[in-house]
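Tertiary structure, described
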Amino acid sequence: TVLGQIAGGLTAQGLPALTSVYAPAVLSTGDNITLTANGQLESINLGGLTTAGGGLVVASNPNLSSLTLETLETVAGDLTVSDSVVTALTLPALLSTVASMSVTNNQALTSVTAELLTSVGATLTLHNNGDLSDLQMPLLTSADSILITQNPKLPDWAILDLNQAPNGELAGKV
């Protein structure tokens, strides 16, 4: 039997020996997905997940280098990715988050791509991602607020037109 839906949530927190979360057959959850404070966690594969019925929090996993969320369309709460060594956050199917979207303190992160994202229900935060230089959210039309700070390699035009710089120039830094 393949587990396709979790009626409640999915939590892996404070598990010092956990190195991988492999659940590509999980299509949806009814509540939060919380994967936090797992010191040895290196990879998370939720490649079949389309709906998080609550928030999706991936935080304080200092060795996390691989995060697979290929089919994620909707997050019914906050979407948080923080304190990892993930180099690319790719969300090719993400349409919306009901609450906030926060990508913070990921020093190796170079790109955030959510090409179908149209709506963030609360605040979109990109903070303290030291290597972030590429931000692609071309369809984003709605967010309560946007906070982009301390991403020294991200051009200041990125949030205005996420596809190209004004006049084709790299005008500065956010």
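The structure this text deals with has already been given above.
Residues numbered from 1 in each chain as written. Predicted model: local features only at pLDDT ≥ 70, side-chain atom pairs only at ≥ 80, totals over all residues. Heavy atoms only, no water.

1. Some thoughts on the sheet that holds strand β15 (residues 111–113)
- An order of β12-β15-β17 is seen for the three strands of this open sheet, with the pairing classed as parallel. Lying at the two open borders of the sheet, with one neighbouring strand each, are β12 (88–90) and β17 (134–136). The average undirected angle you get between the axes of adjacent strands in this sheet is 5°.
- Relative to β17, β15 is paired through three bridges, and the arrangement is parallel. Note that in β17 the partner of S111 across the bridge is D134. (Pairing = 2+ DSSP bridges. Helix = DSSP H or I, 4+ residues; strand = E, 2+ residues; numbered from the N terminus. Axes fitted to C-alpha atoms, helices over the stretch in contact; angles between N-to-C directions.)

2. Side note on the sheet that holds strand β3 (residues 20–22)
- The sheet built from three strands is open, its strands ordered β3-β6-β9 with parallel pairing. Each of the sheet's edge strands pairs with one partner strand only, and the pair in question is β3 and β9 (66–68). On average, each strand axis in the sheet is inclined to that of its neighbour by 10°, with strand direction left out of account.

3. Considerations on the pattern of salt bridges
- Tallied over the full model, the rule gives one salt bridge.
- One salt bridge connects K153 with D131, and the closest N-O pair in it is separated by 3.0 Å. Note that K153 is positioned in the segment after β18 (142–149) and D131 in the loop between β16 (119–127) and β17, a separation of 22 residues in sequence.
- Residue D131 is classed as partly exposed on the basis of its relative accessible area of 28%. (Salt bridge = Lys/Arg side-chain N within 4 Å of Asp/Glu carboxyl O. Buried < 20%, exposed > 50% of the residue type's maximum accessible area, 1.4 Å probe, protein only.)

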